[in-house]
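So the chains spell out like this:
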Amino acid sequence: MKYFPIDSSLFIANRKNFTAKMKPNSLAVFNSNDIYPISADSTMPFQQHRDIFYLSGVDQEESILVLFPNCPKENHREILFLKETNAHIAIWEGEKLTKEKAFETSGIKTVYWLQDMEKIMFELMTQCDTVYINTNEHYRANVETETREDRFTKWLLAKYPAHSVAKSAPILQRLRSVKNQIEIDLIQQACNITEKGFRRVLNFVKPGVWEYEIEAELMHEFLRNRSKGFAYTPIIASGNNANVLHYIENNKQCKAGDLILFDTAAEYANYASDLSRTIPVSGRYSDRQKAVYNAVLRVKNEATKLLTPGTIWADYHVEVGKIMTSELLGLGLLDKADVQNENPDWPAYKKYFMHGTSHHMGLDTHDYGILTEPMQANMVFTVEPGIYIPDEGFGIRLEDDVVIQPSGEPLNLMKNIPIEAEEIEDLMNA
């Protein structure tokens, strides 16, 4: 892995918190992701399943974690099953985790090779009453591919149909949404790498560059700072491309007078950052562009103040809508009649700001969190308002990542990344 080793105390604490929520005499199983094929002998780069990483720190394929806190055998209360490594694998694929290295990474003492899994699972299943399976219940999930976790669950429930079944997802949704300080530090590192990339492109952008050239500059900076690359598919949208919310082609030339909307950020150690900035191709905003830019920035700053413990996500978005409505009236994009006659289910401001303002962030860019439950300290959220004006040929989105504090305003993990229009102009014209 490119990233520095993570203190195993993080994963030890995460397992302790998870097992404390399990039913008596129950067992939980977590699988790594597959390496997904493209065609012939080509594969996608491996991405570890975030749940097994969260609970163990293991970052390789063909791995299984079993947690059985009430197991009669003390050494079977935490078990890792790993793909057996040997000299041949080390030559062709690189060294895999040894049992000793797995303990150093995870803090788990009992490590078996994967070939012994079925035999040991039989013993464990005769000793437990309930098995926790790990289904994907994220509110944005829409998965058609059968995962390794899915296949394992099918096998387990077919072989042991008499066991009670419970879900890991509700426990993980709550645990993963509240970050440990080590996790916050890792997200901060991802943000710091993102900052380096953004400052690099401020010196690179000029009329005539291509969106994909900017993407290459960012990737260069991310990789040289121990990131695998982008935390999500990058959006580099010049001119009217910014009005396509998930524009990812990045294949247009940037023209003088246009703006470029960036939604690009680095990962670090599987933790995401999530940044949006909008900069002028020519190094200066027009008066109109700057007026809209500053309106978006004011909405972002006011919205950030609302992210406090006890806040309900849906109520927060209603309040942000009111702030945005006021700014759109000031810009002349809405008038009072638009607001008075608006559909409550699709308020007038949605014509120019149609997406949400904030989402949980962490191991996933859109991280775990139960949206109907109050916000808590140490949750990490994005704040990302935007105004999109196809008729004027530009759109603006600004986004930072913040940590909710026990009291007062959130901590902005991107406070060092330029955002004021004047600072961006100064840097681009230095």
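Residues numbered from 1 in each chain as written. Predicted model: local features only at pLDDT ≥ 70, side-chain atom pairs only at ≥ 80, totals over all residues. Heavy atoms only, no water.

1. What about the overall build of the protein?
Point 1. Looking only at helices and strands, the protein features 13 helices and 18 strands.
Point 2. Taking 430 residues into account, the globule formula puts the C-alpha radius of gyration at 22 Å, and the protein, at 24 Å, falls close to it.
Point 3. Among the 430 residues that make up the protein, the fraction classed as buried is 53%.
Point 4. Carbon and sulfur atoms provide 51% of the accessible area of the protein, an area that totals close to 19400 Å². (Helix = DSSP H or I, 4+ residues; strand = E, 2+ residues; numbered from the N terminus. Rg over C-alpha atoms; globule rule 2.2 N^0.38 Å. Buried < 20%, exposed > 50% of the residue type's maximum accessible area, 1.4 Å probe, protein only. Areas by Shrake-Rupley, 256 points an atom, 1.4 Å probe, with all protein chains shown as cover.)

2. Let's talk about the UniProt feature "domain: Aminopeptidase P N-terminal" (unreviewed entry) in the protein
Point 1. UniProt's feature table lists "domain: Aminopeptidase P N-terminal" (unreviewed entry) at residues 6–142, given in the numbering used throughout.
Point 2. Secondary structure across residues 6–142 comprises 31% helix and 20% strand; the distance between its end C-alpha atoms is 31 Å. (UniProt positions renumbered as here; feature names shortened; annotations may be inferred.)

3. Points about the packing of helix 5 (residues 117–127) against helix 6 (residues 148–159)
Point 1. Remark: helix 5 packs on helix 6, axes separated minimally by 12 Å, with the N-to-C direction vectors making an angle of 50 degrees. As the angle between them shows, helix 5 and helix 6 are arranged oblique. Seen along the crossing, helix 5 lies across helix 6 with a hand that is right-handed. Between helix 5 and helix 6, the contacting residues are Met117, Glu118, Met121 and Met125 on the first element and Phe152, Trp155 and Leu156 on the second.
Point 2. Looking at side-chain class alone, the contact of helix 5 with helix 6 contains 6 nonpolar, no polar and 1 charged residues. (Axes fitted to C-alpha atoms, helices over the stretch in contact; angles between N-to-C directions. Parallel < 35°, antiparallel > 145°, perpendicular 65-115°, else oblique. Left-handed = near helix turned anticlockwise from the far one by under 90°. Contact = heavy atoms within 4.5 Å. Nonpolar A, V, L, I, M, F, W, Y, C, P; charged D, E, K, R; others polar.)

4. Section: the packing of helix 8 (residues 181–202) against helix 9 (residues 211–223)
In helix packing, the relevant descriptors are the interaxial angle and the interaxial distance, both defined with respect to the helix axes.
Point 1. Where helix 8 meets helix 9, the closest approach of the two axes is 9 Å, and the angle between their N-to-C directions is 140 degrees. Classified by the angle between their axes, helix 8 and helix 9 sit oblique to one another. In terms of crossing hand, the pair formed by helix 8 and helix 9 is right-handed. Two secondary-structure elements touch here, helix 8 through Ile193, Thr194, Lys196, Gly197, Phe198, Arg200 and Val201 and helix 9 through Ile214, Glu217, Leu218, His220, Glu221 and Phe222.
Point 2. Among the residues forming the contact of helix 8 with helix 9, the class breakdown is 6 nonpolar, 3 polar and 4 charged.

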